[in-house]
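Fold and geometry: a report
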Amino acid sequence: MAARLARILLAPLHVLQLATSAKSFLDHPLIGSARLNRMGLHRARVRLADRLCRWRRRRLARHVRADWRKAFDCDGFVAIENAVDPRDFPALRQALLSYEGPAREMRQGDAVTRRMAIDPAMLDAVPQLRTFLARRDIRGLFHYVASYRTEPLHYIQTIVSQCGGNDPDPQETVHADSFHASMKAWLFLNPVRAEDGPFTYVRGSHLYTARRLDWEYRRSLSDPAAIDRLSARGSPRVSDDDLAAMGLGPAEGLAVPANTLVVADTGGFHARGAAAQAGERVEIWSYARRNPFLPWLGGDMLSLPGIAERRVSWLWAFRDRFAHRIGQPWQPAGVRRPVDGPAEDQG
């Protein structure tokens with residue numbers, strides 16, 4: 001009786017959440033409703049989010065270099081070699097690899113991901129980093145891919161592969177982050193070889209074609225309790241057969257030299273490539289995702305100077321405070337450098 005009453009009282013909130021980025025088929029009674037999805041609820045949300053995204057991108061297109069825009073529109077990502085002036089890159093790389101600051105780590109399977117917030121302290125210590133992130137051409141590309149004029153969250157990220165653990169890294173399975181567009185970017189500080197587990201992407205999978213929409217409809221009818229947990233929570237994993245049904249090819253690994261910037265729409269299908277041996281990958285990692293149903297480009301108060309560069313620390317502190325309710329996968333790892341081994345290996 002109490003559970004039924006709670007569902008009734010929460011029903012207005014659940015309806016409002018349909019107009020947000022809420023995506024879990026497992027936790028949301030409307031998003032996961034087989035009856036509503038047979039009637040086309042999920043497909044309608046995907047289609048509307050895509051139409052609004054394309055409308056916003058058309059308005060942002062003039063701020064993006066034509067060759068970058070053409071590559072992204074075709075493939076869903078753009079890879080830019082020598083993104084930083086080659087004369088300046090060695091100093092930037094050295095400053096970041098030797099920087100010491102508070103870090104957080106998360107283990108997934110046999111991989112550990114470490115993140116250090118690009119915050120006011122780091123920006124003051126590494127002015128070349130501030131210069132890079134303030135470049136108008138880079139910001140224009142970030143905004144176009146995100147489809148919003150919003151400031152991404154920025155980190156120094158280290159991925160340590162094959163460092164123990166009995167389970168595989170779930171990021172190595174080809175997937176989409178959500179049912180709508182989002183932006184992720186990587187400026188690689190070291191070369192990334194095929195055997196290092198490079199970022200992989202299914203070219204053209206950011207386009208919500210009729211075949212993609214049909215696939216989205218079919219997957220919305222699956223019992224969320226009977227499929228893998230990450231797909232049930234709205235980050236769908238795909239098989240080779242799924243990709244073929246959508247007219248897409250396999251994911252391709254992007255082996256790239258140092259000083260390459262990759263910017264991708266992770267609403268498209270992507271993965272972390274499987275590493276052939278233990279090792280680490282260090283990068284400037286940026287991320288932006290907003291409510292896909294907003295019809296405007298800006299208006300993000302958290303993107304204001306003085307606020308934007310402090311958001312990561314605030315977000316970590318918020319999740320620490322309410323970890324018992326919402327979880328906190330990112331555990332403090334002390335003061336670290338990007339090239340230090342995982343904190344758990346240091347005793």
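Residues numbered from 1 in each chain as written. Predicted model: local features only at pLDDT ≥ 70, side-chain atom pairs only at ≥ 80, totals over all residues. Heavy atoms only, no water.

Details of the overall build of the protein chain
A count of helices and strands for the protein chain gives 13 helices and eleven strands. Radius of gyration (C-alpha) of the protein chain: 20 Å, near the 20 Å computed for a compact globule of 347 residues. Each principal axis of the C-alpha distribution contributes one length, and for the protein chain these read about 60 × 50 × 40 Å. Buried positions account for 49% of the 347 residues belonging to the protein chain. (Helix = DSSP H or I, 4+ residues; strand = E, 2+ residues; numbered from the N terminus. Rg over C-alpha atoms; globule rule 2.2 N^0.38 Å. Buried < 20%, exposed > 50% of the residue type's maximum accessible area, 1.4 Å probe, protein only.)

Section: the packing of helix α3 (residues 41-60) against helix α9 (residues 210-220)
Contact geometry for α3 and α9: axes closest at 8 Å, N-to-C directions at 145°. Between α3 and α9 the crossing geometry is right-handed. For the pair α3 and α9, the contacting residues are H42, R43, V46 and R47 in the first and L213, D214, E216, Y217, R219 and S220 in the second. Of the residues that constitute the contact of α3 with α9, the class distribution is three nonpolar, two polar and five charged. (Axes fitted to C-alpha atoms, helices over the stretch in contact; angles between N-to-C directions. Left-handed = near helix turned anticlockwise from the far one by under 90°. Contact = heavy atoms within 4.5 Å. Nonpolar A, V, L, I, M, F, W, Y, C, P; charged D, E, K, R; others polar.)

Considerations on the pairing of strand β2 (residues 101-108)
The buried fraction of β2 amounts to six of the eight residues, a majority that puts the element mostly inside the structure. Direction of pairing for β2 relative to strand β11 (residues 331-336): antiparallel, over a ladder of four bridges. In the sheet register, P102 faces β11, and the bridge partner there is V335. Relative to strand β3 (residues 111-117), β2 runs antiparallel, the two sharing five bridges. By the bridge assignment, R107 is partnered in β3 with V112. (Pairing = 2+ DSSP bridges.)

Some details on unusual backbone geometry
Positive phi outside glycine occurs at S147, with the angle close to 70°. Within the secondary structure layout, S147 lies in the loop between α8 (136-146) and β4 (153-161). We classify S147 as buried; its relative accessible area is 1%. Its identity is not glycine, yet N259 carries a phi of approximately 70°, on the positive side. Of note, N259 is situated in the loop between β7 (252-253) and β8 (260-265). A relative accessible area of 2% means that N259 is categorised as buried.

Quick notes on the pattern of salt bridges
Side chains that differ in sign of charge can pair as their charged atoms come close. Counted according to the given criterion, the structure contains 22 salt bridges. Across the pair D67 and R65 runs a salt bridge whose closest N-O atoms are separated by 2.6 Å. Using a relative accessible area of 42% as the deciding quantity, one classes R65 as partly exposed. (Salt bridge = Lys/Arg side-chain N within 4 Å of Asp/Glu carboxyl O.)

A look at the pairing of β3
Most of β3 is tucked away: seven of the seven residues are buried. Between β2 and β3, which pair antiparallel in sequence order, lie two residues; one of them, G109, sits at a positive phi of approximately 60°. In terms of strand pairing, β3 meets β4 through six bridges, oriented antiparallel. Bridging across to β4, A117 finds its partner in Y155.

Some remarks on the packing of aromatic side chains
Throughout the structure, instances matching the rule amount to ten aromatic pairs. Between F199 and Y201, the ring centres sit 6.1 Å apart and the planes meet at 40°, which makes this aromatic pair tilted. This pair shows no difference in class: F199 is buried, exactly as Y201 is. Through a chain of ring-to-ring contacts, three or more aromatic side chains come together here, namely F77, W186, F199 and Y201. Across the ring face of Y148, the terminal group of R290 is positioned such that the distance to the ring centre comes to 4.8 Å. A cation over a ring is seen here: R321 above F322, with NZ or CZ 5.0 Å from the ring centre. (Phe/Tyr/Trp six-rings, centres within 6.5 Å; stacked < 30°, edge-to-face > 60°. Lys NZ or Arg CZ within 6 Å of the ring centre and 35° of its normal.)

Topic: helix α12 (residues 311-321)
Turning to α12, its buried residues are R311, V312 and W316. The buried side chains of α12 occupy one side of the element, clustering within an arc of 135° when seen end-on. If you follow the buried residues of α12, they end up packed against β2, β3 and β4. (Arc of directions from axis to C-beta.)

Points about the sheet that holds β11
With antiparallel pairing, eight strands are arranged side by side in an open sheet as β1-β8-β5-β10-β4-β3-β2-β11. Only two strands of the sheet have a single partner each, and these edge strands are β1 (77-81) and β11. Ignoring strand direction, the axes of neighbouring strands in this sheet form an average angle of 25°. Helix α4 (residues 66-75) rests against β1 and β8 of the sheet, and its axis sits at about 140° to β1.

A closer look at the nonpolar core
Generally speaking, a soluble globular protein has its nonpolar side chains buried in company with each other. In this structure, L96, M122, L129, L261 and V263 are the most contacted members of the largest nonpolar core, which totals 41 residues. Examining the composition of this core, we find that six residues originate from one element, α8, more than from any other. Those residues in contact with M122 that sit more than four places away from it in its chain are L96, Y99, M116, A117, L129 and I156. Counting residues in hydrophobic clusters, the runner-up holds 18 residues, among them M106, Y155, V262 and W285. (Core = buried A, V, L, I, M, F, W, Y, C linked by side-chain atoms within 4.5 Å.)

What about the environment of A83?
Residue position: A83 is located in the loop between β1 and α5 (89-97). Since its relative accessible area comes to 6%, A83 is described here as buried. Considering only alpha carbons, one finds A83 and L304, 221 residues apart in sequence, at a separation of 25 Å.

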